[in-house]
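Descriptive structure summary
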Amino acid sequence: MHTKLEAIKGDITKLDVDAVVNAANNSLLGGGGVDGAIHRAGGPAILEECKQIRARQGGCPTGEAVLTTGGNLPASYVIHTVGPVWNGGRKDEATLLQNCYYNSVRIASEKNLQSIAFPNISTGVYGYPKQQAAEVAVQAVKEYLQKNETSLKYVLFVCFDDDNYTLYQKLLV
Ligand code: ADP
């Protein structure tokens, strides 16, 4: 595997990578948290493309991902994926979260991108336990990389809080 997986701490909107992943919601129309931050920093071009995707396919199902421009972000693209709302583990949340990471890496690879940065999907308002989410995230990316050829050289897990940063550092040693 020639792809480097790395945990960093910081604001995903500042990163100069080929694609940043957005923890979007099913509507693709923007929300709070990292979604709000990405749309604020990236400007209206991102929402415009989200609206076009909505017109075509009616939003984005949980676990799936769509690609738009990065607008004014340093990143060229935003990959919007919709994480599951945590429901005590009774609603197949792990599979859905795994799909978010897998599909985002797949789309980045299909676009021939070299670097992608993920936020800690579903661990904000969607309430997914951080340790379990981090394990699913790393496992899903590794599984994709084991099964597929990829253009990706860097997969960054961007942690906004110390808890997540500590968890990811432990998982990525
Ligand atoms: P979700 O609805 O998927 O839980 P949130 O946006 O509420 O999405 O939170 C997802 C994660 O993104 C949380 O860990 C949150 O701390 C983090 N986050 C919020 N803003 C930023 C940012 N600017 N850069 C990176 N991560 C962020």
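For the structure itself, look to the data block above.
This section reports on the structure supplied with the text. Numbers given for residues are sequential positions, taken from 1 along each chain in its written order. In keeping with the predicted nature of the model, local features appear solely for residues at pLDDT of at least 70, side-chain atom pairs appear and are counted solely at 80 or more, and the whole-chain, interface and lining totals rest on all residues. In computing side-chain properties, one takes all heavy atoms of the structure into account and sets aside hydrogens as well as water.

**A closer look at the pairing of strand 5 (residues 115–118)**
Relative accessible area decides the class of each residue, using a 1.4 Å probe on protein chains only: under 20% of the type maximum gives buried, over 50% gives exposed, and in between gives partly exposed. The secondary structure listing takes helices from DSSP runs of H or I that are at least 4 residues long and strands from runs of E that are at least 2 residues long, numbered from the N terminus. Neither face of strand 5 is exposed, since Ser115 and Ala117 on one face and Ile116 and Phe118 on the opposite face are all buried. A strand pair is defined by DSSP finding two or more bridges across the two strands. With 2 bridges joining them, strand 2 (residues 19–24) and strand 5 adopt parallel strand pairing. Looking at the pairing, Ala19 lines up with Ile116 of strand 5. Relative to strand 6 (residues 154–159), strand 5 runs parallel, the two sharing 4 bridges. Note that in strand 6 the partner of Ile116 across the bridge is Val155.

**A word on the packing of helix 3 (residues 93–110) against helix 4 (residues 130–147)**
Helix packing geometry: the angle between the two helix axes and the distance between the axes. Working convention: axes come from line fits to C-alpha atoms, limited for helices to the stretch in contact. Angles between N-to-C directions cover 0 to 180 degrees. At a minimum axis separation of 8 Å, helix 3 and helix 4 run at an interaxial angle of 40°. In this view, helix 3 runs oblique relative to helix 4, as classed from their interaxial angle. Between helix 3 and helix 4 lies a crossing whose hand is right-handed. Contacts between helix 3 and helix 4 pair Ala94, Leu97, Gln98, Tyr101, Tyr102, Val105, Arg106 and Ser109 from the former with Ala133, Val136, Ala137, Ala140, Val141, Glu143, Tyr144 and Lys147 from the latter. Throughout, the term roughly parallel applies to angles under 35 degrees, roughly antiparallel to angles over 145, roughly perpendicular to angles from 65 to 115, and oblique to all others. The crossing is said to be left-handed when, going from far helix to near helix, the turn is anticlockwise and less than a right angle, and right-handed when the turn is clockwise. Should any heavy atoms of two residues lie within 4.5 Å, those residues are counted as being in contact.

**Regarding the pattern of salt bridges**
One side-chain nitrogen of Lys or Arg within 4 Å of one carboxyl oxygen of Asp or Glu is enough to make a salt bridge. One pass over the full model with this rule turns up 6 salt bridges. Note that Asp162 is salt-bridged to Lys9, the shortest N-O span being 3.0 Å. Of the two residues, Asp162 is situated in helix 5 (residues 162–171) and Lys9 in strand 1 (residues 4–9); the sequence distance between them amounts to 153 residues. The exposure class of Asp162 is partly exposed, given its relative accessible area of 49%. Looking at Lys9, the relative accessible area reads 43%, which means it is partly exposed. Note that Asp11 and Lys14 form a salt bridge whose closest N and O atoms lie 3.9 Å from each other. In the salt-bridge network here, residues are joined through shared partners; they are Lys130, Asp161 and Asp163.

In short, geometric facts, not functional conclusions.
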